[in-house]
Structure formats: structure tokens, C-alpha cells
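# Structural characterization, general
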Amino acid sequence: MTFQYQVLANQLAHRIYQDELKPHQKLISLRDFARQHTISLSTAKSCYELLEARGLIYVKPKSGYFVVARTQSSPIPDSPDFLSLPRQVSNLELHNQIQEAALQSHLVPLGSIQLTPHFIPVEGLRRSIQRALKNCQPQDFLYCNKQGHEQLRKALSDHWREDGIFIAAEDIFITNGCIPALSLVIQHLTEVGDSILIPTPTFNGQLQLLASLKRQIIEIPAHHRGIDLERLESLMQQGLAKVCLMTANYQNPLGYCLSNAEKQKIAELAAKYQCFIIEDDIFGECGYSNERPLPIRYWDREGYVIWCGSVSKSLSSAYRVGWFCLSAKLQHLRLELLASNIGVNTPLQLGLADFIYSRGYREHLEQLRPNLMRQVEQYRSCILRAFDGLPIALSQPEGGYALWIQLPKEVDTLALYYTAKAEGITVVPGHVFGEDERYRHFIRLNAGHELTADVRQAISDLAEWSRQQMKTVN
């Protein structure tokens, strides 16, 4: 159950993350806040105290409440505008190469977006898997239902219900991660050569998937506050695509979280123009707020939103369990999807179900969220110090642990990627987050691992190589 003071706190937190409320800006008094929202003084006080506990505001005795400066100020990366036309993803080979490099464990892990093992509740997961194996039924050692084990589907349904998200267990399909879920849905809603709407810059793995499936893309400009909704509606109205792939909560690489009004608008547009939304919500539980943001699916009344996710980013990238949720509009595809789905390891499913029911997963998320916020801020501070003197811009994510950096135009981040790889460092250049090399001087870094001495040195090396590139060009 969500209380009113929590709702109001999340609204204020959203304004802080969006820079509508500036660092050290004074908030209105508790009495004025209570009067403005028609709430009691105690509810207003609870709202401010929650924000203070999250580290977003601070109090000055006899002066009031003020917004915390999250880290030293920095410009926000630009968002280039462009024409939205059907086209191929042009650099699949580079996508594959970067993915392979990012998974090499001996390299400094600034590439693939993964959590540090120190944030993973290894002992809790081990106990849950042991309990699950101990309590297995004989049939659990046979082939599992291709829709996923009923116990895990019920556990997920109950878990989401606590966050106000109501999905029936029979509509949940368990997959081997989020990308397999996206792939399965895309292949059943579109044909080879079809165009798919997608905001960019976006997670390079989504573009890699669409290229491998031989789907075209129509890009929509995205920025640190969200996406161009007018462009989205115009393209839906033109009927150039019948599917849109997007992330509403803590998008990778920009880190934005759409407002509830924007999510509701997208759900309404999908129904109005009969364009399916495939919602990749893999970072939905990785926000810095105690409350999980609602997905677009929450406002879907006509069945045009297919909600997909995984525990890969919130729990462990090695725990290959994901899902998609079938909408009422697509129930006719149930048998086809079942036939195409690949069964997921049963002990892992049962172990995750136990972890959820034992409250281990909920407790893990409560610890993870503030830890992520602190660690991402540490990374931001480290990056700004290392690149001091260079005109860079750095994202300020509302959740997740991807950081998007805009370097000077003289810096080619693909060349930077090759230099870093040769020196034992993985990064992801902006070339693979959209077309036309419009992000060639952007780079994405992983802030999910501990900020060790090796990571700090790697960031310093990236800054130094950037300076060297600028000297060479000039």
C-alpha cells in the first residue's frame, strides 16, 4: 500500500531529478505545502522527512528545507534532432564485437551494465535455491511448463501487486532473460523488413537485436527528460510501424523516468492508433526512490502494451530469468508463443520464487536502491574530476547505473574504445546507440561495479586519451 506522503515525495523527487528544483533551492514551508496539497501538517512533514532520508533534501534550523546538490554541477548531454525515417541498423558487426568485449571478465568493467557482486545477495540466493531443491516435487525434475513454473509466475504476480501492478499469473511467460522475451514478442508481432519505432539514443542491445532479426527502425529523439511524444504520435498516426519498442523507467543510457502522465499518454496513443508498445522495463526496480515507478502497462486498457522485464539488472546478470506479460489483445497468440518459448531452468525458477516469498528480494531492493544512488554519484564525481578542464556533459540518471557522457566533438569515441580495449578497459562508444554517427563523441560507462582504484585509474586514462585526441586534431 502506498501512502499519500510517499506519492507526494516521489513527485518532488522527480522534479529534483529533472532539475526543476535546483541544488540548494529552498522548498516551500511545511504549512504552505500542506495547504497547497490539502493535506495535514503531519503528512507534509512525513513527505519532507522521507525526502531527507533519501538524501534529496536537507534542513537548516530556523530556515527550512533545501534541495541537496547531488554532486558538482555539470551540463546535461545534448540531444541531437534528426529526421525519423525507416532504415536498417547499419553496424551489426560492431554491435557484436562490443558485446563480446564487454563480457570479458579480465577487463576493467566500464562496458556492460552489470552490478558489482558486492551488491548481489549471494547467501540469500543460495539458501533459497537449497530450500527450493529440498521442497521440490517429483514432477519438478521433468520438463517444465514452457510458460514457466506456476510457482514463480504466482510469486511475481504477488510481488508486483505490492507495487500496485496487477498482472495475473496466467498471463506471465517466463523466459531466459529480457532480450529473449523481446525477441519472441517482436517476431510474433512483426515480419522481416517491418519497421519498429524506437527512441534513441537507446540500449545498444535493443538495436543489435533488431538488426539480427532483420527489422528496420524508425528513430524518435530521446533526451534527458524523456522522448518526443509529438513525434511519436505523428509516426503512429502515419502508420509507418505497428510496433514501438521503448523503456519508460530509467532508460539506458539516459536514465530518465517518464512521468505518469506521459506513460498514460503513450498507452492512450497505442490504443488510438493500434500500435503495440513493447515495454522493456528491465531497470524498473533500480530507481533511487523507495517506490517502484509504474510501467506504461499500468495504464493499458485496450491490450496494446506488452510488458517485459528481468532480474538481470536488479539482482544478478547471471540469473537468466526474464518474462513478458501477455495482454488481452494478444491472447490468440498464446499457443504460438508457448510453442516458440524455450524452457527455463526449473531449480532457478523455484529458487527465485522462494527468494521472493521469503521477502529476500524485497529486502535486497530496499538496500540496493540507496546504495546505487550513492555509487552512481561517486562515479559522477570521479568522472567530473578526471575530465576537469574538458568541456564535457554528464547525465544525471534518476535510476539505473548507466552514465552517458558527451565529449568534445574532436573526440571520436570509437577510437577511444579501441585504445581502451588495447589497455584492458571496456567501454561502449556512442556509435552503437543510434544511426548516422550522431553520437560519435558520446560514450556510455557502467557505474554498477565498485569504484575501485583500477576503475578510477581507467576513468583517468579515458580522460587523458581524450585530451590526446583533441591535441592531435587541433
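Higher on the page you've got the structure.
Summary of the structure given here. Note that this is a predicted model, so its numbers are computed, not measured. (Residues numbered from 1 in each chain as written. Predicted model: local features only at pLDDT ≥ 70, side-chain atom pairs only at ≥ 80, totals over all residues. Heavy atoms only, no water.)

### Considerations on the overall build of the protein chain
Cut-off, in case you're wondering: Helix numbers and strand numbers start at the N terminus; a helix is a DSSP run of H or I with at least 4 residues, a strand a run of E with at least 2. As a reference, a globule follows 2.2 Å times the number of residues to the power 0.38, and the radius of gyration itself is taken over C-alpha atoms. Burial status follows relative accessibility: with a 1.4 Å probe on protein chains alone, a residue under 20% of its type maximum counts as buried, one over 50% as exposed, and anything between as partly exposed.
In terms of regular secondary structure, the protein chain is built from 15 helices and 16 strands. Taken over the C-alpha trace, the protein chain has a radius of gyration of 22 Å; the compact-globule value for 474 residues is 23 Å, and the two agree within 12%. With the C-alpha coordinates aligned to their principal axes, the bounding extent of the protein chain is approximately 65 × 60 × 50 Å. Buried positions account for 59% of the 474 residues belonging to the protein chain.

### Structural notes on helix α10 (residues 260–273)
Let me state the cut-off plainly: Expected span of a helix: the number of residues minus one, times 1.5 Å. An arc is given here, and it is the one of the directions from the helix axis to the C-beta atoms.
With 14 residues, α10 should cover 20 Å at 1.5 Å per step; its first-to-last C-alpha distance of 20 Å lies within 8% of that length. If you check which residues of α10 are buried, you get K263, I266, A267, L269, A270 and Y273. Viewed end-on, α10 has its buried residues packed into an arc of 160°, placing them on one side of the element. Opposite its buried face, α10 presents the exposed residues A261 and K272, each directed more than 90 degrees away. Trailing α10 by a residue or two, Q274 shows a phi angle of about 50°, which is positive.

### Comments concerning the sheet that holds strand β16 (residues 442–446)
Rules: Between any two strands, at least two bridges found by DSSP are needed for them to pair.
One open sheet accounts for four strands, arranged β12-β13-β16-β15; its pairing is antiparallel. The outermost strands of the open sheet, each flanked by one partner alone, are β12 (393–394) and β15 (428–429). Direction of pairing for strand β13 (residues 402–406) relative to β16: antiparallel, over a ladder of five bridges. Paired with L403 across the two strands is L445, which belongs to β16.

### Observations regarding the nonpolar core
Which entries qualify depends on this criterion: Nine residue types can take part in a nonpolar core, namely buried Ala, Val, Leu, Ile, Met, Phe, Trp, Tyr and Cys, and a core is a set of them joined through side-chain atoms within 4.5 Å. The contact definition used throughout considers only heavy atoms, calling two residues in contact when any of these lie within 4.5 Å.
Among the nonpolar cores identified, the biggest contains 159 residues, and L110, L197, L232, F324, F387 and I459 are the most heavily contacted of them. Counting residues per element, this core draws most heavily on helix α13 (residues 360–386), at 11 residues. If sequence neighbours within four positions are ignored, L110 has contacts with Y379, I425, T426, V427, R444, L445, N446, V455, A458, I459 and L462.

### As for helix α8 (residues 204–212)
With eight of nine residues buried, α8 lies mostly within the body of the structure. Of all the residues in α8, the buried ones are N204, G205, Q206, L207, Q208, L209, L210 and A211. Phi turns positive, to about 60°, at K214, one or two residues after α8.

### Description of the packing of α13 against helix α15 (residues 453–473)
As a reminder, the rule being used: Think of each axis as a best-fit line through the C-alpha atoms, taken over the contacting stretch in the case of a helix, with angles from 0 to 180 degrees between the N-to-C directions. When the near helix sits turned anticlockwise from the far one by under a right angle, the crossing is termed left-handed; a clockwise turn instead gives a right-handed crossing. Polarity classes work like this: nonpolar for Ala, Val, Leu, Ile, Met, Phe, Trp, Tyr, Cys and Pro, charged for Asp, Glu, Lys and Arg, and polar for all others, with Gly in that last group.
Two elements in contact, α13 and α15, have axes whose closest approach is 9 Å; the angle formed by their N-to-C orientations is 35°. Like other packed secondary-structure pairs, α13 and α15 cross with a definite hand, here right-handed. Listed contacts from α15 to Y379, C382, I383, R385 and A386 of α13 are V455, R456, I459, S460, A463 and R467. In the contact of α13 with α15, the residues fall into seven nonpolar, one polar and three charged.

### Overview of the pattern of salt bridges
Quick reminder of the rule: A side-chain nitrogen of Lys or Arg and a carboxyl oxygen of Asp or Glu constitute a salt bridge if their distance falls within 4 Å.
All chains considered together, the criterion is met by 23 salt bridges. For K272, the salt bridge is made with E233, and the minimal N-O distance between the two is 3.9 Å. With K272 in helix α10 and E233 in helix α9 (residues 229–238), this residue pair connects regions lying 39 residues apart in the sequence. Taking the relative accessible area as the measure of exposure, E233 reaches 21% and is therefore partly exposed. Taken together, the shared-partner salt bridges in this structure form one network comprising R87, E219, D436 and R438.

### Considering the packing of helix α7 (residues 178–189) against α8
In plain terms, the rule: For this classification, under 35 degrees means roughly parallel, over 145 means roughly antiparallel, 65 to 115 means roughly perpendicular, and everything else is oblique.
α8 packs onto α7 with a crossing angle of 40° between their chain directions and a minimal axis gap of 11 Å. By the angle between their axes, α7 is oblique relative to α8. Judged by the sense of rotation from one axis to the other, the crossing of α7 with α8 is right-handed. Contacts between α7 and α8 involve I179, L182, S183 and I186 on the former and, on the latter, G205, L209 and L210.

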